[in-house]
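Secondary and tertiary structure notes
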Amino acid sequence: MRGLSRTRLGLLAVAFVLVIGVMEVLALKLGSMDFPVPSSGAGHPAVADKSGEN
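Structure report, in brief.

Analysis parameters
- Residues numbered from 1 in each chain as written.
- Predicted model: local features only at pLDDT ≥ 70, side-chain atom pairs only at ≥ 80, totals over all residues.
- Heavy atoms only, no water.
- Helix = DSSP H or I, 4+ residues; strand = E, 2+ residues; numbered from the N terminus.
- Buried < 20%, exposed > 50% of the residue type's maximum accessible area, 1.4 Å probe, protein only.
- Areas by Shrake-Rupley, 256 points an atom, 1.4 Å probe, with all protein chains shown as cover.
- Expected span 1.5 Å × (residues − 1).
- Patch = residues over 30% accessible without salt bridge, like charges linked within 9 Å, V, L, I, M, F, W, Y side chains within 5 Å.
- Salt bridge = Lys/Arg side-chain N within 4 Å of Asp/Glu carboxyl O.

With that out of the way, let us pick up the overall build of the chain. Across its full length, the chain carries one helix and zero strands. A buried classification covers 0% of the 54 residues belonging to the chain. Carbon together with sulfur atoms contributes 66% to the accessible area of the chain, which is approximately 5,700 Å² in total.

Structure below.
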């Protein structure tokens, strides 16, 4: 079996870049979605709101 030709190596590099690009776009799309999280029943949020304490 002989080594990869320059053409095949170039096509593999382009395919790799395209796959990484598609994965990045999917990560951005999934990251921007809002998933409903069930509350624990407490009357306060999980993160403290400190905006009114100045």
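This part covers helix α1 (residues 6-31). For α1, with 26 residues, the first-to-last C-alpha span of 37 Å sits near the 38 Å given by 1.5 Å per residue. Burial within α1 is sparse, with just zero of its 26 residues counted as buried.

Turning next to a nonpolar patch on the surface. A cluster of nonpolar residues, Phe16, Val17, Val19, Ile20 and Met23, forms a patch on the protein surface that exposes about 490 Å² of accessible area. As for its placement among the helices and strands, Met23 is situated in helix α1.

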